[in-house]
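Spelled out, the chains give:
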Amino acid sequence: MKKKALLAMVALIAGMNWVFAQNTADKLLGSDQKLTIGGYAQMDYNQKFSSDTRSNGNLDVHRMVLMFGYRFNERTQFITEIEYEHVKEVYIEQAFLQYKINDWLNFRGGLLLVPMGIINEIHEPTTFNGVERPNVDSNIAPTTWREMGAGFTGRLQDLNLKYQLYVVNGFKSYDGGGIIKGSNGFRSGRQKGAESFMSSPNLTAKVDYYGVPGLKLGLSGYFGDTQSELYDGLDKDDQTAEAKADSSVVGISMLGADASYSVKGLVMKGQLYYASVSNTGQYNVFTGKDLGSAMLGYYVEAGYDLLSAKSSNQKLVPFVRYEKYNTHQKTDGVAKNLAYDRTDITAGIGWWLTAGAVLKADLQWMSNEASATKTKQLNLGIGIAF
């Protein structure tokens, strides 16, 4: 059954005709105004259901974001994204300077979104179905995934390609103790530009093809080692200390493929991640963690706009999404935890009152291979973007 689902995902990606979407940062970069303001917000209600126990509902101003773009001249721009999560937590999600070298080459440096998949770059609540972002994008490529770095981006118009290539600092795997683990993969290791440190650089790249009107295909990659504070001040002649530091890091090779398709009211998406993780045997022994040596995650989604035949700025989109993700696809030195092999099914509807405002409702059935019991959750949400 698992092989059939994976083959269906590959067939979906191979057979789709591909839509090129812009995130808010791209829209600000495209403005000819000196100062441009944008933003988005997500407000949620989550209610778990169980036949055995009662659960309180959770109401949350999940995120409120303001984005600012400033154009110094026709070549030089600055973009920043300031996010408040759960009312009380403040983060900088993007802060980068972009310089246009020519029509197909731009330099970009600062706090950058790692270009993996769909949601990590295009995560405004009006751009995706469902109240919550897909869990594949939380546990495999941990959105919102951003790190300090620099590189190049641009479009090759004749080839209908957009590309990004950056050198960034990597996940933090050791800082007084082990940080990354099997339950949520690399998520706890995000440094987010908050006094980040680097013991070795990482490389990330993505290419998007949008040559067919209304369609999109993306291929992405991320390669490098995690970061450890044990290298800081290390005597290069101290082989024992060097070996200890080496045991506190792992190597990551992550590949991603994503697809989006929209025509005559039909909306389809698919995404696939595979991450190979080296040195996990030594890392788990040294830190006492249970990090997997390979992770696999994918989802397929379909929806249909019931108002597509009408001349209206509104949309009414029922949808269903199937997710499969395993942060213990392979292990080295630790037993596979079947609870980390998870399946989520989400079905719901979104009503776009206008392009920048949506009301959402969905039901989720979440399960794992360690239990026959499924967790059920109702989600209601409001999303805006401008």
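Structure shown above.
Residues numbered from 1 in each chain as written. Predicted model: local features only at pLDDT ≥ 70, side-chain atom pairs only at ≥ 80, totals over all residues. Heavy atoms only, no water.

Enquirer: What exactly am I supposed to notice about the layout of surface pockets here?
Expert: Once rolled over the atoms, a probe with the size of a water molecule shows which space is left empty. Looking at the second largest pocket, its volume works out to about 560 Å³. If you go around the second largest pocket, you meet 27 residues; those closest to its centre are His62, Arg63, Glu132, Ser138 and Arg187. Of all the elements in the fold, those that place two or more residues in the lining of the second largest pocket are β1 (35–49), β2 (58–71), β3 (76–85), β4 (89–102) and α3 (136–139). At four residues, β2 tops the list of elements feeding residues into the lining of the second largest pocket. In the lining of the second largest pocket, the residues fall into two nonpolar, twelve polar and 13 charged. (1 Å grid on protein atoms, 1.4 Å probe; cavity = no way out; pocket = protein on both sides within 12 Å on 5 of 7 lines; lining within 4 Å. Points joined across faces, edges and corners; volume = space filled by probe spheres on them. Helix = DSSP H or I, 4+ residues; strand = E, 2+ residues; numbered from the N terminus. Nonpolar A, V, L, I, M, F, W, Y, C, P; charged D, E, K, R; others polar.)

Enquirer: When you look at the pattern of salt bridges in this model, what are you seeing that I'm missing?
Expert: A side chain with one charge can pair with a side chain of the opposite charge if their charged atoms come near. Within this structure, the stated rule accounts for 14 salt bridges. Between lysine 216 and aspartate 208 there is a salt bridge whose closest N-O contact spans 3.4 Å. Here lysine 216 matches aspartate 208 in class, with each residue buried. Across the pair arginine 321 and glutamate 323 runs a salt bridge, and its minimum N-O distance is 3.5 Å. When its relative accessible area of 1% is taken as the criterion, arginine 321 is described as buried. Connected through shared salt-bridge partners, Glu121, Lys206, Asp208, Lys216 and Asp258 make up one network. (Salt bridge = Lys/Arg side-chain N within 4 Å of Asp/Glu carboxyl O. Buried < 20%, exposed > 50% of the residue type's maximum accessible area, 1.4 Å probe, protein only.)

Enquirer: It is not clear to me how the environment of alanine 347 should be interpreted in this structure. Could you clarify?
Expert: In this structure, alanine 347 sits in strand β16 (residues 341–354). Residue classification places alanine 347 among the partly exposed positions, given a relative accessible area of 28%. In this structure the C-alpha to C-alpha distance between alanine 347 and valine 320, which are 27 residues apart in sequence, comes to 4.3 Å.

Enquirer: What's the story with the side chain of serine 293 in this structure? I'm lost.
Expert: Tracing the backbone shows serine 293 in the loop between α5 (280–287) and β14 (294–304). Here the side chain of serine 293 touches threonine 331 through a polar contact of 3.3 Å, landing on its backbone nitrogen. Other than its neighbours up to four places away in sequence, serine 293 contacts Ala275, Ser276, Val277, Thr280, Lys330, Thr331 and Asp332. (Polar contact = N/O pair within 3.5 Å; in protein donor to acceptor, adjacent residues only side chain to side chain. Contact = heavy atoms within 4.5 Å.)

Enquirer: Before we go on, may I ask you to explain the pairing of strand β6 (residues 146–156) in this structure?
Expert: Both faces of the sheet carry side chains from a regular strand, because those side chains alternate between them. Bridging between strand β5 (residues 105–113) and β6 involves eight bridges; their strand directions are antiparallel. The residue of β6 that forms the bridge with glycine 109 is alanine 150. Bridge analysis of β6 against strand β7 (residues 161–169) gives eight bridges, and the strand direction is antiparallel. Across the sheet, alanine 150 pairs through a bridge with valine 167, a residue of β7. A loop of four residues connects β6 with β7, the two strands running antiparallel in sequence, and asparagine 160 in this loop sits at a positive phi of about 55 degrees. (Pairing = 2+ DSSP bridges.)

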